[in-house]
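# Commentary on secondary and tertiary structure
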Amino acid sequence: MRTLCLFVVLYLVVLVSISNATIFGTVRGVVHDSQHRPMPDVQITLKARDSAFTLSTQTDVNGDFHFDAVPVAEYVISASKADFASSEQAMAVLSGTAPVLHFELQLASQSQSVTVSAEAAPGQTESITPTTLVDRQQIQQTPGAFRTNSLALITDYVPGSYFTHDQLHIRGGHQVSWLIDGVPIPNTNIASNLGPQIDPKDIDTVEVQRGSYAADYGDRTYGIFNVAPRTGFERNNEAELILSAGNFYQTDDQLNFGGHTNRFAYYGSVSGNRTNLGLQTPTSAVIHDAANGVGGFTSLIYNADSQDQLRLVAQIRRDYYQVPFDPNDPNTQGTFLHDVNRETDSFVTFSWVRTFSPGLMLTVSPFYHFNRADYESSPSDLPSSATEKRSSKYEGGQVTMSWVKDRNNLRAGIYGFAQQDNQLFGLIFNDGSAPNLNPPDVENPVGSLVAVYAEDQLKATSWLTLNAGLRQTHFSGGVVEDATSPRVGASLRIPKLNWVFRGFYGHFYQAPPLLTASGPLLQIVTNQNLGFVPLHGERDEEHQFGVTIPFRGWTLDADNFLTRANNFFDHNNLNNSDIFFPITIQGARINGWELTLRSPRIGNRAQVYLTYSNQLALGFGDITGGLTNFTFGDGFKLLDHDQRNTLHIGGQFMLPWRSYASTDVYYASGFSNGNPAIPGDHLQPHTTFDLSIGKNFGERFSANVQGINMANRRVLLDNSFTFGGTHFLNPREILVQVRYRFHY
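Everything in this summary refers to the structure shown in the same document. This is a predicted model, so every value here is computed, not measured. (Residues numbered from 1 in each chain as written. Predicted model: local features only at pLDDT ≥ 70, side-chain atom pairs only at ≥ 80, totals over all residues. Heavy atoms only, no water.)

### Some thoughts on empty space enclosed by the protein
All chains considered together, the criterion is met by 12 cavities of 30 Å³ or more. Taken together, 24 residues line the second largest cavity, and the ones lying closest to its centre are S51, V72, A73, Y75 and D204. Those elements that place two or more of their residues in the lining of the second largest cavity are β5 (73-80), β9 (131-135), β14 (203-209) and β15 (224-229). (1 Å grid on protein atoms, 1.4 Å probe; cavity = no way out; pocket = protein on both sides within 12 Å on 5 of 7 lines; lining within 4 Å. Points joined across faces, edges and corners; volume = space filled by probe spheres on them. Helix = DSSP H or I, 4+ residues; strand = E, 2+ residues; numbered from the N terminus.)

Structure representation (structure tokens):
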């Protein structure tokens, strides 16, 4: 029966249906003269701000124009016609949106040019989803963001996001989704992976969504990262060599190349990195903490004709992490630990994009993802030495279609994958407290997921947009579950002021890992006075409302959210070891408000930003899945990653002599204190300052110097027990990067 279910999932994914979880948006508009009469045969050009990607068309007899399959990015759209002054608008295209632009062309004798900037509120005039766009230039200039294992491109610019115990958290949760070219890269596992999903140096633009997701997106409640990878449209048979070096013997290097013709664009890269400061350390000392990795990435785009486009993205990575330790830990004195985590991650996605007519677009996207994490303890570890090896394979796809017609932006469809895991677990008790699990226990669980959904975005008036959608999910694994997730929202634009108010209510379902325990492993768990309960999916309810306020090119965005979770995903270690099992907590309540402030380009030389989050993350009840050995008891208790206040202030500044500076000041009020021996609900607050200074030497050569935590502030960041134990804030890091571009 399970084999038949998997076959049906794959068959449906490949042959059936329509959906729109995509990296694309639609741009449409109308051109009229000063008397508001439609203007036909006006040349419309859409050009990416940071690459040579260009689309062009002409208006029809009604003055209308339409662009489909526009990748997420920032663009300039221009309208021109003989005897009339040209006009242009700058805007950001968000996935799944279909903004309507209006151009008014005046006679050249009346005006030389008319420029309207949409920089004030990019894409938020109709979207109910709070969204942040980070582009390639910001990644290159933001201190530390270009490094393979860095998530500064997210934590610096996205409120409510932070990095603790070596994992990204956003809005109080672990579970996030990565999409590459609009195709989800599934991963149901948490707590075992440390390596990056994609190297920041291979990203052209990343669209970060936090809550209020449309039904055509997945159910990772806490964050969706929609990556538009680099393409050859920015190159003309050019290669770039990136070399860096810094303290802790770190280096992060890459060779990338790309080019394009009228119909074909290609990009590829190979990269390597290493450092003696890999994971967050349990003390201020850096001991046994080396990390290294290698990877390759490619992105191919082929325009078969005006209606058909083929896209392929593939990556393979291998990473190695030593696990640091505390030499003063009484459990490790007299021993030298050699714990390591080895990881492999590879994926390939293929998309066929078919445009049938203006507004009607189909995308067929099969994918494959392989993920592996192998943890090996030192044989002399006390009280036990553990080994865990897990690999997961995901095969599936999505068939996507969007229909933008008049006031409607309709999407409906299906998404699914089959999953096969291989899990090996061994345990040796060096203190003799229990029988050993040797030879190791091996499990091979399988599962599948299929989701169908429908969503419509109705532009009721020029100032009111309504959203309604429904997602139905079926999961089959250690448990069989069905979930119905309705979602509704609205955005209201105040005319003249252009303030946009938005509200959302929705449900989400997050599929569980395929963790299982039986036979000898289950007996070991029982001997440790633990229990094992099959994992169920997390079910969330979200309320959110917000406002976007533009003022003279500045954009202020604020929102308030409340998430109620049942079977909240977390993780727990076994027997005081670094082996972690996902668990579910009976319930969680996470609420807060967030603020983002972005400036226009001030004097064409500076752009500044501010992100702030005030958040409360609480859990309650028993452990309802996975390894269970504790309870929150009566009432709510703080989750280990609760941090009330998180603030980033920074910006990019153009300096004389083709140089620039980029800064980020980070303040955090401290995570919850999980150690009752330390008084106070939270650990101490901390502030760091990061700085990057760079210079371009001609068109081919550039260099910059970056400093992370310049004041060398060292505090206990959190005392939740994960890889290596508790965690201190990383010490000061200084690195130099050089880039050289050349033709071939």
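### What about the sheet that holds strand β4 (residues 64-71)?
One open sheet accounts for three strands, arranged β4-β1-β7; its pairing is mixed. Every other strand in the sheet has two partners, leaving β4 and β7 (100-105) as the edge strands with one partner each. If you compare each strand with its neighbour and ignore which way they point, the axes differ by 25° on average. Of the strand pairs in this sheet, strand β1 (residues 24-33) and β4 are connected by six bridges, and their pairing is antiparallel. From the neighbouring strand, F24 faces β4, where its bridge partner is P71. (Pairing = 2+ DSSP bridges. Axes fitted to C-alpha atoms, helices over the stretch in contact; angles between N-to-C directions.)

### Quick word on the sheet that holds β9
What the five strands build is an open sheet, ordered β9-β14-β15-β12-β13; its pairing is mixed. Since the sheet does not close on itself, it has two edges, and those belong to β9 and β13 (183-184), each with one partner. Across two bridges, the pairing between strand β12 (residues 177-180) and β13 is antiparallel. Each bridged residue has a counterpart across the sheet, and for L179 the counterpart in β13 is P184.

### Observations concerning the nonpolar core
L153, V206, F225 and F568 are the most contacted members of the largest nonpolar core, which has 36 residues in total. Counting residues per element, the ones that place at least two in this core are α3 (152-155), β11 (167-170), β12, β14, β15, β32 (554-573), β33 (580-598) and β34 (606-628). Setting aside residues up to four positions removed in sequence, F225 forms contacts with I154, L168, V176, S177, W178, L179, V206, E207 and V208. (Core = buried A, V, L, I, M, F, W, Y, C linked by side-chain atoms within 4.5 Å. Buried < 20%, exposed > 50% of the residue type's maximum accessible area, 1.4 Å probe, protein only. Contact = heavy atoms within 4.5 Å.)

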